[in-house]
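Observations on the model geometry
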Amino acid sequence: RICVVDLAGSERVKKSGVEGVHFKEATAINKSLLALGNVVSALAAKKQHIPLRDSKLTRLLDGTIGGNCRTVLLVCASPAGEHAQETL
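Residues numbered from 1 in each chain as written. Predicted model: local features only at pLDDT ≥ 70, side-chain atom pairs only at ≥ 80, totals over all residues. Heavy atoms only, no water.

With that out of the way, let us pick up the overall build of the protein chain. Each helix and strand in the protein chain was counted, giving four helices and zero strands. Beginning at the N terminus, the succession of helices and strands in the protein chain can be written as α-α-α-α. With respect to the three principal axes, the spread of C-alpha positions in the protein chain is 40 × 30 × 25 Å. Looking at the 88 residues of the protein chain, the share that counts as buried comes to 16%. Counting only carbon and sulfur atoms, one obtains 55% of the accessible surface of the protein chain, whose full area is about 7600 Å². With 12 positive and 8 negative side-chain charges, the protein chain shows a spacing of 10 Å between the two charge centroids. (Helix = DSSP H or I, 4+ residues; strand = E, 2+ residues; numbered from the N terminus. Buried < 20%, exposed > 50% of the residue type's maximum accessible area, 1.4 Å probe, protein only. Areas by Shrake-Rupley, 256 points an atom, 1.4 Å probe, with all protein chains shown as cover. Lys, Arg positive; Asp, Glu negative; His and termini not counted. Charge placed at Lys NZ, Arg CZ, Asp CG, Glu CD.)

Below you can see the structure in the form of structure tokens.
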């Protein structure tokens, strides 16, 4: 089984100035990324409980991360100095 997920990157709401529907979308992306980070941290720490039910994204990825699965993470990061704070 192969899952390909485009996470679209986190959204700095204050910096981008998004409103309305785009604000809700940016908030949902950030919540999903936070939940995925929590799952990865729990797996790395070999915790008993893995919070896979915290978001739709982590529920969809259940069975494709952890255990005997091989997971690859590709990151596109801007080399520009002005984006260093957001990238790291």
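Right, let's talk about the environment of I50 for a bit. With respect to the helices, strands and loops of the structure, I50 is situated in the loop between helix 2 (20-44) and helix 3 (56-61). Of the residues examined, I50 reaches a relative accessible area of 23% and is grouped as partly exposed. Between the alpha carbons of I50 and A28 there is a distance of 20 Å; along the sequence they are 22 residues apart. Among residues more than four places away in sequence, those in contact with I50 are V39, A42 and L43. (Contact = heavy atoms within 4.5 Å.)

Quick look at unusual backbone geometry now. The phi torsion of most residues other than glycine is negative, and most of the peptide bonds are trans. In this structure, K46 takes a positive phi of about 55° despite not being glycine. Locating K46 in the fold gives a position in the loop between helix 2 and helix 3. The exposed category is assigned to K46, whose relative accessible area is 75%.

A few words on the side chain of S55. On the secondary structure map, S55 appears in the loop between helix 2 and helix 3. When near neighbours in sequence (up to four residues on either side) are disregarded, S55 contacts S32 and A35.

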